[in-house]
Amino acid sequence: MGRIVVAVVAVAAMIAGTAAGPASGPDTAHPAVGSTPGVVWGGCPDDVAEPGLRCGTLAVPVDHARPDGPTTTLGLSLAAATGGRARRGTIVVNPGGPGGGGMWLAGLVRRALPERVRQSYDIVGVDPRGNHHSDPISCVDASFDRAPRPDPVPPTARDEERLIERARTYAGGCAERAGHLLPHLGTLENARDLDLVRAALGRPKLSFIGWSYGTYLGAVYGQLFPERVDRMILDSIVDPRPDQVWYGSNLRQDIAFQGRWRDFLDASGADLDPIFTRVLAAARTRPLADAVGPAELYDLATRTLYSSQHWPGFADALRAWDRGDPAPLAALYTPPTAQDANGTAIYTAVECHDGPWPRDWAVWDRDARAVHATAPLTAWSNTWLNAPCAFWPVPARTPMRIDGHDLPPVLLIQGTRDPATPPAGANALHDALPSSRLITVLGEGDHGILAFQPNDCVLAAAAAYLTDGTLPAGRDTTCEES
């Protein structure tokens, strides 16, 4: 599905209280993470470093079926618990993607969660295999994504053929540059890596917080290793059903983004829709600042919808263009970095491997045109992002069916207007996990809630669950949008 890495926004203070539930004692039988022999902790890379954070590496098998074979390296970060021996254990955090590195996230989560949680848990971030500080892969040269990229909405059959060839080239580049790893890049591998992280940290059980794609990673880990799960929070939830991994999810996501665009227009002004249409038409003739064409404009609009904090700036820039000043809109675009390119490569490798994709381009074309008729904002852009999967050199897996057998209580969090992970995904996972409790945040459309949105209701429920095992009284409960 379209890349769904949660955005960093302000965090609110925690308030207490939810209904009572089972609790278990602290993990006093196990030493602090920093003293375990599995990982050597030291300084952090510059882009991760912050006071009190330590970083390390862990070698894991490239092929989990060959534990004594070649290895790849995972980068880890540690925000140690503040409570000394009175600790429950370790929370591993994942921000989504797939393709989102997690080392940076440990520090943010430490700052966001209340003190009683920080006292109880070490927080560990992991860059999944192939990503960022974990032996990063690439598929193409930097020039491949140099702006302006081709218009994602093909006006002619010949233009569509050029975009198909571009997708084929990308898939071929992945095979050429990372072919030996491609059979071993996927959610199953990420979940098995997570269990090796648990073992290296000296923990009999692991707690986990995952956002976005991280919710699928958590669900798969729980399916593989239910007896090794302590606490698990899954926030902004992707649809785990095998027929949705991942082709079906992308089509649903396109429709949800169009709905969120209507929310943006309702909040910012209906005049922005025709302005955006005029900007697109002008950019097709001449890109803004010779760099921002229709592909970049669609990206800007889509990224804006992940967080309503960005709405005023995007609205002001559109109106400035309409008054004859294109500079503010052009300034919102930032060229992709090497880390962005790596993230896209991992996103593609994981999604193409995780589940089946149509091999007949006529299916893609039919579905893109049908969705574009009612949801044009992302239909074609999302199609081309995922189009390399039509030509992927590694056979796709049959997705794992999630049934939640033997899984301890899991807390689910979902906003009703989230475009990147529409509520159908949360409902599907809630149905699949008999032990789950679902908190629905009414009216919330910003992607990623716990630790990323100032919602005291959600933070209080999460804190009670993490520290005491306390869950909401009912299987379904609601919080109001902040």
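Residues numbered from 1 in each chain as written. Predicted model: local features only at pLDDT ≥ 70, side-chain atom pairs only at ≥ 80, totals over all residues. Heavy atoms only, no water.

## Regarding the packing of aromatic side chains
For step 1, the next point in the chain: Applying the stated criterion across every chain yields a total of 18 aromatic pairs.
For step 2, the next point in the chain: With a centroid separation of 5.6 Å and an interplanar angle of 15°, the aromatic rings of W357 and W364 are classed as stacked.
For step 3, the next point in the chain: For W364, a relative accessible area of 3% puts it in the buried group.
For step 4, the next point in the chain: When the ring of W361 is compared with that of W384, the centres are 5.2 Å apart and the planes differ by 20°; the resulting orientation is stacked. Of the two residues, W361 is situated in helix α12 (residues 361-372) and W384 in helix α13 (residues 379-386); the sequence distance between them amounts to 23 residues.
For step 5, the next point in the chain: Taking relative accessible area as the criterion, W361 reaches 13% and is therefore assigned buried.
For step 6, the next point in the chain: Feature note: the residues Y247, W357, W361, W364, W380 and W384 constitute an aromatic cluster, connected by ring pairs.
For step 7, the next point in the chain: The aromatic ring of F144 is capped on one face by R166, whose charged end is 4.0 Å from the ring centroid.
For step 8, the next point in the chain: Across the ring face of Y465, the terminal group of R231 is positioned such that the distance to the ring centre comes to 5.7 Å. (Phe/Tyr/Trp six-rings, centres within 6.5 Å; stacked < 30°, edge-to-face > 60°. Buried < 20%, exposed > 50% of the residue type's maximum accessible area, 1.4 Å probe, protein only. Helix = DSSP H or I, 4+ residues; strand = E, 2+ residues; numbered from the N terminus. Lys NZ or Arg CZ within 6 Å of the ring centre and 35° of its normal.)

## With respect to the state of the cysteines
For step 1, the next point in the chain: Overall, the coordinates contain four disulfides when judged by the stated rule.
For step 2, the next point in the chain: The disulfide partner of C44 is C55, and the S-S distance across this bridge is 2.0 Å. One disulfide, between C44 and C55, carries an S-S torsion of 95° and so falls in the right-handed class. Here C44, found in the loop between β1 (4-5) and β2 (53-61), pairs with C55, found in strand β2; they are eleven residues apart in sequence, far enough to count as distant.
For step 3, the next point in the chain: A residue is classified by how much of its surface remains accessible, and C55, at 5% relative accessible area, is buried.
For step 4, the next point in the chain: Among the cysteines of the protein that take part in disulfides, numbered as they appear in the sequence, the pairing is 1-2, 3-4, 5-6, 7-8. (Disulfide = S-S within 2.5 Å.)

## A few points about the pairing of strand β9 (residues 410-415)
For step 1, the next point in the chain: Within β9, six of the six residues are buried, leaving the element largely enclosed by the surrounding structure.
For step 2, the next point in the chain: Burial along β9 is two-sided: V410, L412 and Q414 and L411, I413 and G415, pointing in opposite directions, are all buried.
For step 3, the next point in the chain: Relative to β9, strand β8 (residues 229-237) runs parallel, the two being bridged by three bridges. Bridging from a neighbouring strand, L234 pairs with L412 of β9.
For step 4, the next point in the chain: For β9 and strand β10 (residues 436-442), the ladder comprises six bridges, and the chain directions are parallel. By the bridge assignment for β10, I413 is matched with I439.
For step 5, the next point in the chain: As for the winding sense of the linkage, the β-α-β connection from β9 through helix α14 (residues 423-432) to β10 is right-handed. (Pairing = 2+ DSSP bridges. Right-handed = clockwise from strand over helix to strand, strands pointing away.)

## Some words on the nonpolar core
For step 1, the next point in the chain: By size, the foremost hydrophobic cluster in this structure holds 102 residues, and its most contacted members are L76, W261, F264, F276, L297, F314 and L329.
For step 2, the next point in the chain: Counting residues per element, this core draws most heavily on helix α3 (residues 157-178), which supplies seven residues.
For step 3, the next point in the chain: Ignoring any residue separated from it by four or fewer positions in sequence, one finds W261 in contact with D273, F276, A301, L305, F314 and L377.
For step 4, the next point in the chain: Within the second largest apolar cluster, 37 residues are counted, among which are L53, L105, V117 and L459. (Core = buried A, V, L, I, M, F, W, Y, C linked by side-chain atoms within 4.5 Å. Contact = heavy atoms within 4.5 Å.)

## Quick look at the environment of L194
For step 1, the next point in the chain: Within the secondary structure, L194 sits in helix α4 (residues 187-200).
For step 2, the next point in the chain: Judged by its relative accessible area of 6%, L194 falls in the buried class.
For step 3, the next point in the chain: In this structure L194 touches V92, L206, F208 and Y221, once residues within four positions along its chain are discounted.

## Here we look at the environment of P358
For step 1, the next point in the chain: One can find P358 in the loop between α11 (338-354) and α12.
For step 2, the next point in the chain: Through-space distance from the C-alpha of P358 to that of Y247 is 8.2 Å; in sequence the pair is 111 residues apart.
For step 3, the next point in the chain: If sequence neighbours within four positions are ignored, P358 has contacts with Y247, V363, W364 and A390.

## Observations concerning unusual backbone geometry
For step 1, the next point in the chain: For the bond running from G97 to P98, omega is -15°, close enough to zero to count as cis.
For step 2, the next point in the chain: Geometrically, the link from V245 to W246 is a cis peptide bond, its omega value of -10° lying close to zero.
For step 3, the next point in the chain: Position of W246 among the secondary structure elements: in the loop between β8 and α6 (247-268).
For step 4, the next point in the chain: Despite not being glycine, D135 has its phi angle at roughly 45°, a positive value.
For step 5, the next point in the chain: Secondary-structure assignment places D135 in the loop between β6 (121-127) and α3.
For step 6, the next point in the chain: The residue D290 is not glycine, and still its phi comes out positive at about 60°.
For step 7, the next point in the chain: Looking at where D290 falls in the secondary structure, it is placed in the loop between α7 (272-285) and α8 (294-304).
For step 8, the next point in the chain: Residue D290 is classed as exposed on the basis of its relative accessible area of 54%.

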